[in-house]
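Letter by letter, the chains look like this.
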Amino acid sequence: MTTILVTGGTGTLGRLVSERLRAGGNEVRVLSRHAQPYAVDLRKGGPGLDVAMAGVDTIVHCATSQGGGDEEAARHLIAAARTAGVRHLVYISIVGVDQVPFGYYKSKLAVENLVEEAGLGWTVLRATQFHDLVVRVLGAMSRLPVVLLPARVKDQPVEVAEVADRLAELALAAPAGRVADMGGPEIRTFDSLARAYLEAKGRRRLVLRVPLWGKAYKAFRSGGHLAPEHAVGKGTFEEFLGRGV
């Protein structure tokens, strides 16, 4: 039996990863800011992190915050992992973090570099955006009568459960370095995703495509966040919407 620590283990992805690893007979410890008995704020570290790490073979690092602090959290996690003699650190990242000069992506790339340089066995998986993230974004955008979308931007949403399956598989294997990206089955224009969402929700909205500016928008428009050669996901956006989520 392998002892595995899942950071962000109460989140959308981390919860599913934990379930899959437990189903395989592994001891899983869930670390998050509020989940007992391993309630730890990784941005602050502290003795609670060392307690959670004791006897751990593998870490699956799913914890993240768009509000900042991911790099500091990774440094605390890596330092504790070294002390505990952890064998394998698995990190979930995003396709395009090295192509799109977007603040959150830059932070994810910096954490990738910290993981690679940690002196531990490591594996990094990059995935495209999850279906539920696209839905959250479109839900916020459709609160107004007019939905304003970035012009000429496409997306490749992937089913989070499939990413969880892949992460669990990687956690139980030997460290593999940077593995092949994981993308959703379809590359879609953002307005086609918006129209599918609005239809599923029964909302009537005017959809307008608005050209933006800046390096990040240019990179998104060029498809730096897409993985057309790794469209390995199976679940489509319409199938996700059909589940009523």
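Just so we're clear, the structure is a prediction, and the values are computed from it rather than from any experiment.

A. Highlighting the overall build of the chain. Of regular secondary structure, the chain possesses nine helices and 10 strands. For the chain, the C-alpha radius of gyration of 19 Å lies close to 18 Å, the compact-globule estimate for 245 residues. If you line up the chain on its principal axes, its C-alpha atoms span 55 × 35 × 35 Å. With 245 residues in all, the chain has 52% of them scored as buried. Carbon and sulfur atoms form 52% of the exposed surface of the chain, whose accessible area is close to 11,700 Å². Both charge centroids of the chain, one from 31 positive and one from 25 negative side chains, sit 7 Å from each other.

B. Structural view of the sheet that holds strand β5 (residues 121–127). What the six strands build is an open sheet, ordered β2-β1-β3-β4-β5-β8; its pairing is parallel. At either margin of the open sheet sits one strand with a lone partner, and together these are β2 (27–31) and β8 (177–178). Bridge count between strand β1 (residues 3–7) and β2: five bridges; the pairing is parallel. Across the sheet, the residue bridging to Thr3 is Glu27, located in β2. Here helix α3 (residues 70–84) sits on the sheet and contacts β1, β3 (58–61) and β4 (88–94); the angle it forms with β3, its principal contact strand, is near 175°. Where helix α6 (residues 160–171) meets the sheet, it contacts β3, β4 and β5, and its direction lies at approximately 155° from that of β4.

C. Seen up close, the packing of aromatic side chains. Across all of its chains, the model carries three aromatic pairs by this definition. Measuring from ring centre to ring centre gives 5.6 Å for Phe102 and Tyr105, while their planes differ by 80°; the resulting arrangement is edge-to-face. According to the relative accessible area criterion, Tyr105 is buried, its value standing at 5%. Ring geometry for Tyr105 and Phe220: centres 5.7 Å apart, planes at 75°, overall edge-to-face.

D. Geometry of unusual backbone geometry. The step from Gln36 to Pro37 runs through a cis peptide bond, and the omega angle for that step is 10°. In this structure, Pro37 sits in the loop between β2 and α2 (47–53).

E. How the structure looks around the pairing of strand β6 (residues 146–150). Alternating residues of β6 divide into Val147 and Leu149, all buried, and Val146, Leu148 and Pro150, none buried. Sheet analysis places β6 next to strand β10 (residues 206–210), joined by five bridges and oriented parallel. For Pro150, the partnering residue across the bridge sits in β10 and is Val210.

F. A look at helix α5 (residues 131–141). Inspection of α5 places His131, Asp132, Val134, Val135, Leu138 and Gly139 among the buried residues, and these make up the whole buried set. Seen end-on, α5 carries its buried residues on one side only, within an arc spanning 155°. The elements touched by buried residues of α5 are α1 (12–23), β6, β7 (154–155), α6, α7 (190–201) and α9 (237–242).

G. Quick peek at the nonpolar core. Leu13, Val17, Leu21, Val60, Val163 and Leu167 are the most contacted members of the largest nonpolar core, which has 27 residues in total. Counting residues per element, the ones that place at least two in this core are β1, α1, β2, β4, β5 and α6. Per-element accounting of this core gives the leading share, eight residues, to α6. Not counting chain neighbours up to four residues away, the residues in contact with Val163 comprise Leu13, Ile92, Leu125, Ala127, Phe130, Val158 and Met182. Within the second largest apolar cluster, 25 residues are counted, among which are Leu42, Leu49, Ala81 and Leu114.

H. Molecular detail of the packing of α5 against α7. Between α5 and α7, the least distance of the axes is 10 Å, while the angle of their chain directions is 75°. It follows from the interaxial angle that α5 and α7 lie roughly perpendicular. Contacts between α5 and α7 involve Val134, Val135, Val137, Leu138, Gly139 and Met141 on the former and, on the latter, Phe190, Leu193, Ala194 and Tyr197.

Calculation notes
Residues numbered from 1 in each chain as written. Predicted model: local features only at pLDDT ≥ 70, side-chain atom pairs only at ≥ 80, totals over all residues. Heavy atoms only, no water. Helix = DSSP H or I, 4+ residues; strand = E, 2+ residues; numbered from the N terminus. Rg over C-alpha atoms; globule rule 2.2 N^0.38 Å. Buried < 20%, exposed > 50% of the residue type's maximum accessible area, 1.4 Å probe, protein only. Areas by Shrake-Rupley, 256 points an atom, 1.4 Å probe, with all protein chains shown as cover. Lys, Arg positive; Asp, Glu negative; His and termini not counted. Charge placed at Lys NZ, Arg CZ, Asp CG, Glu CD. Pairing = 2+ DSSP bridges. Contact = heavy atoms within 4.5 Å. Axes fitted to C-alpha atoms, helices over the stretch in contact; angles between N-to-C directions. Phe/Tyr/Trp six-rings, centres within 6.5 Å; stacked < 30°, edge-to-face > 60°. Arc of directions from axis to C-beta. Core = buried A, V, L, I, M, F, W, Y, C linked by side-chain atoms within 4.5 Å. Parallel < 35°, antiparallel > 145°, perpendicular 65-115°, else oblique.

What is shown is where atoms sit, not what they do.
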